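# Inside the fold
Read off the chains here:
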Amino acid sequence: MIRAIKGTRDLLPPDTELWNRVEAVARAVFRTYNYGEIRTPVFEETQLFARGVGEETDIVSKEMYTFEDRDGGSLTLRPEATASVVRAYIQHRLWERPGLTRLYYMGPMFRRERPQKGRYRQFYQIGAEAIGSESPLVDAEMLQMLADILEGAGLKQYELRLNSIGDPACRPAYLERLRAELGKVGEQLCGDCRRRAATNPLRVLDCKIPADQPIIERLPRVTDCLCAACREHFETLQAVLRQRGMAYTVVPRMVRGLDYYTRTTFEFVHHGLGAQNAVLGGGRYDGLSEALGGPKAPGIGFSIGADRFVLSLEESGVTPPAVRPDVYMVWLPAGEAPAADPAFRQADEMARLLRAAGLVVELPPEARKIGRALEQAGKLNARYALIIGENELREGRYQLKDLEQREARQLSRQELLEFFENHKDTKAQRHEEGIP
RNA sequence: GUGAGAGUAGCUCAAUCGGUAGAGCGCCGGACUGUGGCUCCGGAUGUUGCGGGUUCGAUCCCCGUCUCUCACCCCA
């Protein structure tokens, strides 16, 4: 049997209902903040990610799906979307359009990691980028937008973690200091940390080994080593959040894995996700455009791990309403071939009219005895059954059976359409439940 | 890439101290010649993940491999 390859999966109904809801909520919120959708290719020149994400990151050095094209070029399935969005920003000279560039995207990303809870090789991200301003007010607005999305989808109990990791003016000095301090305590740390101290000292801060914690606590904090400009930027952001009454925790030890981040970084975590507890992550990338050969274009963005978001919602008990047919068509054949059978022809015609009126109609492709047919209708949780058989054809009125009230009425075609016009409860219900 | 646990019907699981598998749900049909989620009866579906070894004989023991799950690493 051919199976979906490792780390990929099929999303099936009814689960996809929740996915659709999440995406619908996100789109609706993006619209209110005046973000427009961008769709970029799922594969790009390998160089884009090498230069954008960073040659030394784990993503680029060991997790990309890279392959040679027939003409010899090196292509890569996108491991994230920010590099592509900034590439498009440069390619199409989007800075020449009026106002701040605000773009959102959603779609699959690819990283070859060992799968685990909330982590897949093909996973989905819903993200946005605001490019063209370094104002902390943009950062603050983006965090507000995120809260709107999480809450709009029904997520409770999340936590916003915030940090500032400085810029090219102050981070090198901080790293220097950190290295020096790590040199002094080197022998007391775990093996992983000693390795990190040399390769990527920031990662030491992220260590989870209990024995290392007291040592790490005494290391210098990024937030204490920011230059004046970065410090002011971070303080302004926090002032707006406080003014707004938005809860957050400054976590100076929070480190992000992409090289392009500067200043503000953040993540929203949800407990119940296991080890991968970040539902989303993001931050500022003031130097990315220039690193990709574009103009100076400070920006900030985030990415929601849709798979994890859906998981968190499930953990929070959020379940979308089950999709159910409004009308199940029961047709009782007179024994002729379906195309010629008058019952089928009437059922087919009625189904068309009811669908045109916006109803969900199930027309079974095989005729069954009435008992079986109603049993099916019941199992599918249909609201009504419309019965068309010999008697109905003779009298020109169909039997509409309310499967919840267990009552039936005989209605002509016209009366049926009027009935559903006046009883929009099933349709109305769907609209209230937030599916646009 | 490393470690641990698990793979038996579409789903959830049982079983054999080694003697080639069952239940519930679901699916299909009948009882029921036009009135439902019930009941009863019947039916289909498994090379017991795959490959090898031990054995008269392996779903069970051993080795390998694949996949899944969780964790490390890393990240969304």
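Scroll up to find the structure this text is about.
Here is a short report on the structure shown in this document. Not measured: the values here are computed from a predicted model. (Residues numbered from 1 in each chain as written. Chains lettered and ligands numbered in written order. Predicted model: local features only at pLDDT ≥ 70, side-chain atom pairs only at ≥ 80, totals over all residues. Heavy atoms only, no water.)

Moving on to the packing of aromatic side chains. With the rule as written, the count across this model stands at 12 aromatic pairs. Where Phe 30 meets Tyr 35, the ring centres are 6.2 Å apart and the plane angle is 40°; that geometry is what we call tilted. Their ring planes at 55° and their centres at 5.6 Å tell us that Tyr 89 and Trp 95 sit as a pair that is tilted. Taking the relative accessible area as the measure of exposure, Tyr 89 reaches 4% and is therefore buried. Overall, the relative accessible area of 31% leaves Trp 95 in the partly exposed class. Cluster of aromatic residues (ring-pair linked, three or more members): Phe 30, Tyr 35, Tyr 104 and Phe 302. Over the ring of Tyr 120 we find Arg 9; its NZ or CZ atom is 3.9 Å from the centre of that ring. (Phe/Tyr/Trp six-rings, centres within 6.5 Å; stacked < 30°, edge-to-face > 60°. Buried < 20%, exposed > 50% of the residue type's maximum accessible area, 1.4 Å probe, protein only. Lys NZ or Arg CZ within 6 Å of the ring centre and 35° of its normal.)

With that out of the way, let us pick up the protein's contact with RNA strand B. Residues in close proximity to RNA strand B total 52 residues, the closest being Arg 203, Gly 257, Gly 378, Asn 391 and Gln 399. Within 4 Å of the protein, the contacting atoms of RNA strand B are 50% sugar and phosphate, with bases supplying the remainder. At 2.7 Å from a phosphate oxygen of RNA strand B is found a side-chain nitrogen or oxygen belonging to Arg 256. Taken together, the elements giving at least two residues each to the surface near RNA strand B come down to β6 (122–131), β10 (278–284), β11 (299–305), α13 (370–379), α14 (390–395) and β15 (398–402). Ranked by residue count, the leading element in the surface near RNA strand B is α13, at seven residues. Its residues assigned to classes, the surface near RNA strand B comprises 12 nonpolar, 16 polar and 24 charged. (Near = heavy atom within 4 Å. Polar contact = N/O pair within 3.5 Å; in protein donor to acceptor, adjacent residues only side chain to side chain. Helix = DSSP H or I, 4+ residues; strand = E, 2+ residues; numbered from the N terminus. Nonpolar A, V, L, I, M, F, W, Y, C, P; charged D, E, K, R; others polar.)

Moving on to the environment of Glu 217. Structurally, Glu 217 is set in helix α8 (residues 213–217). Residues Glu 217 and Arg 253, spaced 36 residues apart in sequence, show a C-alpha to C-alpha distance of 9.1 Å.

Looking now at the pattern of salt bridges. Close approach of charged atoms lets side chains of opposite charge pair. Enumeration according to the criterion identifies 28 salt bridges in this entry. One salt bridge connects Glu 407 with Arg 409, and the closest N-O pair in it is separated by 3.2 Å. Given a relative accessible area of 32%, Arg 409 falls into the partly exposed group. (Salt bridge = Lys/Arg side-chain N within 4 Å of Asp/Glu carboxyl O.)

Let us look at the sheet that holds strand β14 (residues 384–388). Read across the sheet, five strands follow the order β13-β12-β14-β15-β16 without closing on themselves; strand pairing throughout is mixed. For this open sheet the edge positions go to β13 (361–362) and β16 (407–411), each flanked by a neighbour on one side alone. Sitting on the sheet, helix α12 (residues 342–356) is in contact with β12 (327–331), β13, β14 and β15, with an inclination near 165° to β12. (Pairing = 2+ DSSP bridges. Contact = heavy atoms within 4.5 Å. Axes fitted to C-alpha atoms, helices over the stretch in contact; angles between N-to-C directions.)

Spatial ordering of the open sheet is given by β2-β4-β3, a layout of three strands whose pairing is antiparallel. At either end of the open sheet lies a strand with only one pairing partner, and these are β2 (43–45) and β3 (66–68). Going from strand to strand, the sheet's axes swing by 35° on average, the running direction of each strand aside. As judged from the three bridges shared by β2 and strand β4 (residues 74–77), these two strands associate in the antiparallel manner. Looking at β4, one finds that Phe 43 is bridged to Leu 77.

Checked against the element boundaries, Asp 212 lands in the loop between α7 (191–199) and α8. Sequence-distant contacts of Asp 212, that is, excluding residues within four places in its chain, are made with Gln 188, Leu 189, Cys 190, Cys 193 and Cys 207.

Of all five residues making up β15, four are buried, and the element is well covered by its neighbours. Sheet topology places β14 next to β15; four bridges connect them, and they run antiparallel. Directly across from Ile 387, in β15, lies its bridge partner Gln 399. With five bridges joining them, β15 and β16 adopt antiparallel strand pairing. Bridged to Gln 399 within β16 is Gln 410. Taken together, β15 and the strand that follows it, β16, pair antiparallel across an intervening segment of four residues, in which Arg 406 is found at a positive phi of about 60°.

Moving on: the nonpolar core. Phe 30, Leu 143, Phe 266 and Phe 309 are the most contacted members of the largest nonpolar core, which totals 50 residues. Ranked by the residues each element gives to this core, the list is headed by helix α5 (residues 136–153), at 10 residues. Ala 81, Val 85, Tyr 105 and Tyr 120 belong to the second-largest nonpolar core, a separate cluster that totals 30 residues. (Core = buried A, V, L, I, M, F, W, Y, C linked by side-chain atoms within 4.5 Å.)

Another aspect to go through is a nonpolar patch on the surface. Residues Val 42, Phe 43 and Phe 67 make up a contiguous nonpolar surface patch of about 250 Å² in total accessible area. Note on placement: Val 42 falls in the loop between β1 (36–37) and β2. Given the relative accessible area of 31%, Val 42 is considered partly exposed. (Patch = residues over 30% accessible without salt bridge, like charges linked within 9 Å, V, L, I, M, F, W, Y side chains within 5 Å. Areas by Shrake-Rupley, 256 points an atom, 1.4 Å probe, with all protein chains shown as cover.)

Turning our attention to unusual backbone geometry. Backbone geometry follows two general trends: most residues other than glycine have a negative phi, and most peptide bonds adopt the trans configuration. Cis geometry marks the peptide bond from Pro 13 to Pro 14; its omega dihedral reads 5°. One can find Pro 14 in the segment before α1 (15–32). Residues other than glycine seldom take positive phi values, yet Asn 34 does so here, at roughly 65°. When you line up the elements, Asn 34 lands in the loop between α1 and β1. Phi at Arg 406 takes a positive value of approximately 60°, unusual for a residue other than glycine. On the secondary structure map, Arg 406 appears in the loop between β15 and β16.

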